[in-house]
Structures are given as C-alpha cells and as structure tokens.
Amino acid sequence: MKKKFSVTALILVAFFVAGAQDLSLDEILSKHYQAMGFENLKKVNTIIMTGTMVQQDAMPVKIIRMRPDHYLMEFDIQDITAYQGYDGQTAWWTTPWTGNPKPQLMPDDRAKELKSRADFDGLLYHWKEKGHTVELLGRDTVDKSPVFKLKITKKDGGVEFLFLDAAKFIVQKRMYYRIVRGQEVAMENYFRDYRSVGDVLFAFTQDTHYGGQPYNSLQFDSIELNKPVDGKIFRMPAK
Amino acid sequence: MKYHFFSSIIVFILLFPVFGSGQKVLQWRGVNRSGVYDETSLLKSWPEKGPELLWEFNGLGNGYGSPVITGEMLFINGEIDTVSYLFALDLSGKYLWKSKIGKEWTLSYPGSRSTPTVVDDLVYVTAGWGQVACLEAGTGKERWSLNMITDFHGAAPRFGFSESLLVEGNTVYCSPGSPDTNVVALDRFTGKIIWISKGAGEMTAYCSPMLISLPQRNILVTFSKTTLLGIDTKDGKLLWSYKQEGQDIDCQVNTPIFENGFIYCVAGNGNGAFKLKLSADGTQIAELWKNPECDNLMGGFIKVNDYIYTSGYEKRQYYIVETNTGKIVDSVKFDRGTTNYADGMLYLYNEKGQVGLFRPAGPRMEQVSTFKLTAGTKAHFSHPVICNGIMYIRHGKSLLAYKVK
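Residues numbered from 1 in each chain as written. Chains lettered and ligands numbered in written order. Predicted model: local features only at pLDDT ≥ 70, side-chain atom pairs only at ≥ 80, totals over all residues. Heavy atoms only, no water.

Trainee: What is the right way to look at the pattern of salt bridges in this model?
Mentor: Side chains that differ in charge, positive against negative, can pair when their charged atoms come close. Evaluation of the coordinates by the stated rule reveals 29 salt bridges over all chains. The shortest N-O distance in the salt bridge between A:Asp207 and A:Arg192 comes to 2.7 Å. Highlighted residues: A:Asp207 in strand 12 (residues 200-210) and A:Arg192 in strand 11 (residues 183-197), separated in sequence by 15 residues. We classify A:Asp207 as buried; its relative accessible area is 15%. The residue B:Lys243 makes a salt bridge to B:Glu202 at a minimum N-O spacing of 3.3 Å. (Salt bridge = Lys/Arg side-chain N within 4 Å of Asp/Glu carboxyl O. Helix = DSSP H or I, 4+ residues; strand = E, 2+ residues; numbered from the N terminus. Buried < 20%, exposed > 50% of the residue type's maximum accessible area, 1.4 Å probe, protein only.)

Trainee: Honestly, the interface of chain A and chain B in this entry has me stumped. Any pointers?
Mentor: When the parts of a complex come together, some accessible area is lost, and that lost area is often taken as the interface size. The interface is formed by 14 residues belonging to chain A together with 15 residues belonging to chain B. Here chain A and chain B share an interface that buries about 1,200 Å² over both sides, 43% of which is from carbon and sulfur atoms. Three residues, A:Ala58, A:Gln78 and A:Asp79, lead the burial of chain A against chain B; their summed loss comes to 41% of the area buried on that side. A:Asp76 is the salt-bridge partner of B:Lys378, the closest N and O atoms lying 3.6 Å from each other. Counting across the interface, chain A meets chain B through 13 residue pairs in polar contact (both at pLDDT 80 or more). Put simply, the parts of the chain that give the side of chain A that touches chain B at least two residues each are strand 1 (46-55), strand 2 (57-66), strand 4 (80-86) and strand 13 (213-225) of chain A. In terms of residue count, strand 2 of chain A provides more of the side of chain A that touches chain B than any other element does, 4 residues in total. Looking at side-chain class alone, the side of chain A that touches chain B contains 5 nonpolar, 5 polar and 4 charged residues. (Contact = heavy atoms within 4.5 Å. Buried area = accessible area lost by both parts, 1.4 Å probe. Polar contact = N/O pair within 3.5 Å; in protein donor to acceptor, adjacent residues only side chain to side chain. Nonpolar A, V, L, I, M, F, W, Y, C, P; charged D, E, K, R; others polar.)

Trainee: Just to check I follow, could you spell out the environment of B:Lys290 for this structure?
Mentor: All names here are of chain B. Turning to its location among the elements, Lys 290 is positioned in strand 23 (residues 285-291). Sequence spacing of Lys 290 and Val 266 is 24 residues, and the spatial spacing of their C-alpha atoms is 9.3 Å. A polar atom in the side chain of Lys 290 sits 2.9 Å from the side chain of Glu 245.

Trainee: Teacher, can you tell me more about helix 2 (residues 25-36) of chain A here?
Mentor: Along an α-helix, residues three or four apart share an orientation, since each turn contains 3.6 residues. Residues and elements named next belong to chain A. Counted at 1.5 Å a residue, the expected span for helix 2 with its 12 residues is 16 Å, and the 16 Å between its end C-alpha atoms agrees. Taken together, the buried positions of helix 2 are Leu 25, Ile 28, Leu 29, His 32, Tyr 33 and Met 36. Buried residues along helix 2 cover an arc of 135 degrees about the axis, so they all sit on one side. For helix 2, exposure combined with an orientation more than 90 degrees from the buried face picks out Asp 26 and Gln 34. Following helix 2 by one or two positions, Gly 37 adopts a phi angle in the positive range, close to 85 degrees. (Expected span 1.5 Å × (residues − 1). Arc of directions from axis to C-beta.)

Trainee: Even after reading the chapter, I still don't get the sheet that holds strand 12 (residues 166-168) of chain B, so can you show me in this structure?
Mentor: Adjacent strands of a sheet pair through backbone hydrogen bonds, lying either parallel or antiparallel. Residue and element names in this part refer to chain B. The strand order across the open sheet formed by 4 strands is 12-13-14-15, and the pairing between neighbours is antiparallel. In the strand order of this sheet, the two ends are held by strand 12 and strand 15 (193-197), each with one partner. Taken pair by pair, the neighbouring strands of this sheet meet at an average axis angle of 20 degrees, ignoring direction. (Pairing = 2+ DSSP bridges. Axes fitted to C-alpha atoms, helices over the stretch in contact; angles between N-to-C directions.)

Trainee: What should I look at first to understand the confidence of the model for chain B in this one?
Mentor: On average, residues of chain B score 94 in pLDDT, and 95% of them are at 70 or above. Throughout residues 1-20 of chain B the model reports pLDDT below 50, and contacts reaching past four residues in sequence, or to other chains, amount to 4 contacts. (pLDDT = per-residue confidence, 0-100.)

Trainee: Just to check I follow, could you spell out the nonpolar core for this structure?
Mentor: Burial of nonpolar side chains together is a common tendency in soluble globular proteins. Residue and element names in this part refer to chain A. In this structure, Ile 47, Met 73, Leu 124, Phe 202, Phe 220 and Ile 223 are the most contacted members of the largest nonpolar core, which totals 51 residues. The element best represented in this core is helix 2, accounting for 5 residues. Not counting the four nearest positions on each side in its chain, Leu 124 is found in contact with Leu 29, His 32, Tyr 33, Val 134, Leu 150, Ile 152, Leu 162 and Leu 164. (Core = buried A, V, L, I, M, F, W, Y, C linked by side-chain atoms within 4.5 Å.)

Trainee: I tried to follow the state of the cysteines on my own but got confused; where do I start?
Mentor: In a disulfide, the sulfur atoms of two cysteines are covalently bonded to one another. All names here are of chain B. Applying the stated rule across the entire model yields 0 disulfides over all chains. Cysteine Cys 174 remains unbridged, with the sulfur of Cys 134 as its closest cysteine sulfur at 13 Å. The structure places no disulfide on Cys 294, whose sulfur is separated from the nearest cysteine sulfur, that of Cys 265, by 11 Å. (Disulfide = S-S within 2.5 Å.)

Written as structure tokens, this is what we have:
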C-alpha cells in the first residue's frame, strides 16, 4: 500500500516536472503573479513588517514600505538602533556600530541593492516597463525542491537571480553578489514560512547566507497592510 | 526540656555561619544568587496569552538589570541620557523617586546592567562606567559613592561594568579589575576600604560574585577575565584560582553555584560548563569535569537535583546537563535566554521575548505554557524575578508585573 502510494507520487511529480519544463517565461511569471496575489497587492499602499532579526543576538526589526518604492528598515545591532532608508531618490543608512551615529549616503553598490528591495511589487512585476531584462535559465533545485531559475538584469546593470518553486511559483531564493574588499561574495536570501495576509503571500522568515554561510534570519511576527505611514520617514534625516 | 533547649542552641550555633548574622540581603537572582526564588503555590500553567498582567511601568530608561523587591518597595536601575538612576516604585508600580548613580554605559548594548542589592534600609548599586554607591532606601539619598576607574585604577571591560554588588555582614565587595586593585572589600556603611585583593590581576568579567560559607571561612567566588577566583572574605587572600582555556575570552558572566562541596559554573567563553570539588576547608579545588558545548553566556543556570538547566549560546536551544558527568543529556528548542526557578517550575525568558513555564523532569524539561511579551523596548536580556506570587520582567524601559499565584 505504502509502496503503491510512493510510486504514484513519483509518477505525479515526474509528470508535473515534465509539464513544468515546457512552461515559457511568460507562463511561469503569470503563475507567479497569481500565486503571490499580485492583483490584491495592487490594492496595498503600505506594508509594515515587525519581528526579530537573529544575527548573533536576537534583536527587534521593523520594515516599513510604501508605494512605489519607499523603504525604511529599522533594526538593532548590539542593541543600538540603525536605519536603512530609500525615499525613491536617495538611499541612506546609519552605522552606529562603527562609532558614527549620523545618517550617511549609502555607497553605490549597497544603494543599488536597497533600490531593488524597495520596489514595492518586486523586480518581476512589470519588469519590461521598469527597464529590466528577465531570462529563464532553466530548472534547478533549492533545498532539494525543483525550482525555475531566472536571471534579472536590472536597468542599472546589476544582476540578480530568483528561484521560483516549480510547483507553487513562489520565490524560494534570491541570489546576488556583493563586492567586499574587491571580491565578489554571494548573498543568498531564502524565503520560508509563506502566509497569506490580505490575500497576498508573504514570507514570514527570510534567512540570509553570506558567502555560503548563515548570516542572519528575519522572523516576522506581524505584517500589516495599508496602515497610515508618513512619507517623511523615508527621507534621510539631517542628523 | 533542658536537653531540648541545649540542642536548639547547638543547632543555632551550627547554622549561624551558614546564615551569617541573619541579615536579609535582597539581591541578584534570589536566594544565594542561585536563580531560585523561595515561593509556593504558584500557577502550574498559564492561560494562552500568559498570566494576568497586573501593571506595567514604562519610564525606566534603558537597561537590562532586574528589580529587587522589598516588603513595600521595588528598586531597579535605568539609564536616561547617559546617566544611570536608581528607580524606586511602590508595589503597585507607582513611581516614587529616582536617584542619580553615575555615568552609564552607552556604547555597545547601552543601558544599565546591574541589579541593586538591598540590606535593611540601604541600597547598593553600580553603573556601567564604574560608579559604586550606597543610597538610602527610603529617599534615594546618597550615603557614599566611589568610582572603580578613578579611585581604584580599574578599566571598563568592553561591555561596561556589570556586576551586581555582593554584601556580607558589614562588607560590600566590588571588582575594579585592575592588576593591583582587582577585588575590593568596603565597609558598607562608609565606603572605606577593608582590604584589596590582587586576584589574578585581570580585567573584570561581568560576573556577580557569590559567597560560600564554610565553618572555617567564607569565600567570595567570582570570575575575572579568564579565571575563577576564590578569595577569603576575611583578608582578601586568594585561596585558589581556576583558569579558563581558550583565546579571546573575556565574558564570564554567570554567577557560579555552590552545593554540597561542589562549585558549578556555566560560562560562554573558555571551558563552558564545569564542576569543581572544593576541599572542606575551602583552600583547594579540583576539576571534576568540563563541557565546552554547554556555553551559556549570561542567562544563568539552575541546578535541580542532578541536572543543570540552561540555554546554549552558539546553538540557540536549552540544555539539560547531568551534574555527575557533565554530559548534555537533552536539548529543547526555545531559542536562548535566561533560566530561573520557583516552586518546582523553570521560568525561561528568551531573546525573542518568549516567556516559558517548563517543568524540570530529570533529564528532560517539559514545556507547559508560553507567551510573548508585547511591551517594552530593545533586547530581551533581563532575568525575571518571582516574588510574593508576582513575576517581574524588565524589557528595556518597561517593567511588567504578572500574577503567577
């Protein structure tokens, strides 16, 4: 009985994978938009994500996002609050652990990363209008699960890879490279524990690996939609 | 009758060295600084959202130190605008007064660190930049104060002075951590020096000391940077020391436990958990086991019968360690954090803000109830206190009082 079930499951997976392999990029993206609830996301203007960032210590983290591309991350390192912000024009941060608590402009490479994160709908939605290029590189696996690997060449020239679950069409992993002391270091974000909020899917856990090693984990307790947010908070403070 | 009376006197005399002068010291981690609170008839499970919140006070300033509760008042430290204050509240959470202690630590992990020590009508406090002060419990008026950096050539360790002061009889002890003035005994009424110990000549290591009372002598046990120290409280003589192995070690935060001739330690750096045998006269130690895998940094540990319950550091889980062998016999996923004990139950408070009521069951611990703190600020590092059926939890600027009886 158990064996019959396993064989049936195997056939179904094989059938599915064979079918999925034939999907075009447009078909994959269409299923991705549907799976994530993009139609419902259009009705959302702000997102507030509150939780914990585990990186040596477990510290509070809050991410506030506003259409079309406003982003503010408030997080604690050594129990001192730091910020990363983007107001649609200027990417800035504070790095109090360096001894300098003042807001500063982000270096170019980090600013590009933040702009990607700030895109309210994500890079894939309306990618042509945004000036990006998306290529389907074929099938791969993430944590032994079959995925579609997509390469996104952004308008600014930066490259990211997204890995979409071959069955659920949700993002399993994002990968890009950061230049650290002249060397390319792989940054990998793993998206887990998807839950529906307002009929939009959100990953409540985001684990980041840096150079192949676990780096930090964002674990959200709550994700709130359409709460009033003052647009001024995204601007770089004077001091 | 006469025989009974005589026996009672003998028993009293025998007990006298153990209980000192009968002095009631309210301090860090409860009875003997062991993390055990002498409470009875506490709840054996909590409602889904946690025990009833009786009150919260949200104006403490930054900090991680726990409160100390007397019959009428509650004392706790907090940092506001770089200054450390001793706050006094009544037992309904109403603010009474605050009194300035000194400059508080505002670099990494800013905020007050230590827990006040209360003896009769006096409160003993420290601040992150080395201030030691004695204040009147009723008013907060300063009796005396000194600074471990300017007065004793001490140096602040990288996370600031964090010691909760130990009081024994008429003496209060502090650890400046300088090579020549390592541990100091002060007259607790005047602040005058009684003796100075060179210890191992190392930097202080955030440890709040504990006291071992033996028939022959009393011993102050504390950590400096890499070394556990046993100091005779009569004259400051270093009786023995125990070196931690490893490189770049400087955090020896947890207060050791002494029981039936054995010293138990759990340290985040160096040897991890270890057990020492103390000679009957207190002058010698012998290592029985060590286990670097059990590496709790600052959450404390609890010993119940033959088991130690504590969280890990590198691995974010709780451990149960068998105390005869030092082996980890089980682990439980509950992130990492503090461990306390009252009325047969373990009280866990982890860095994600979850509070857990666990039942210690020998080589296992069983989760009974959990809830998540919703008030407060910053990191969840403080140690809960259970007193008179109330569990007090400090979360940054907030102090929360839960009814657990």
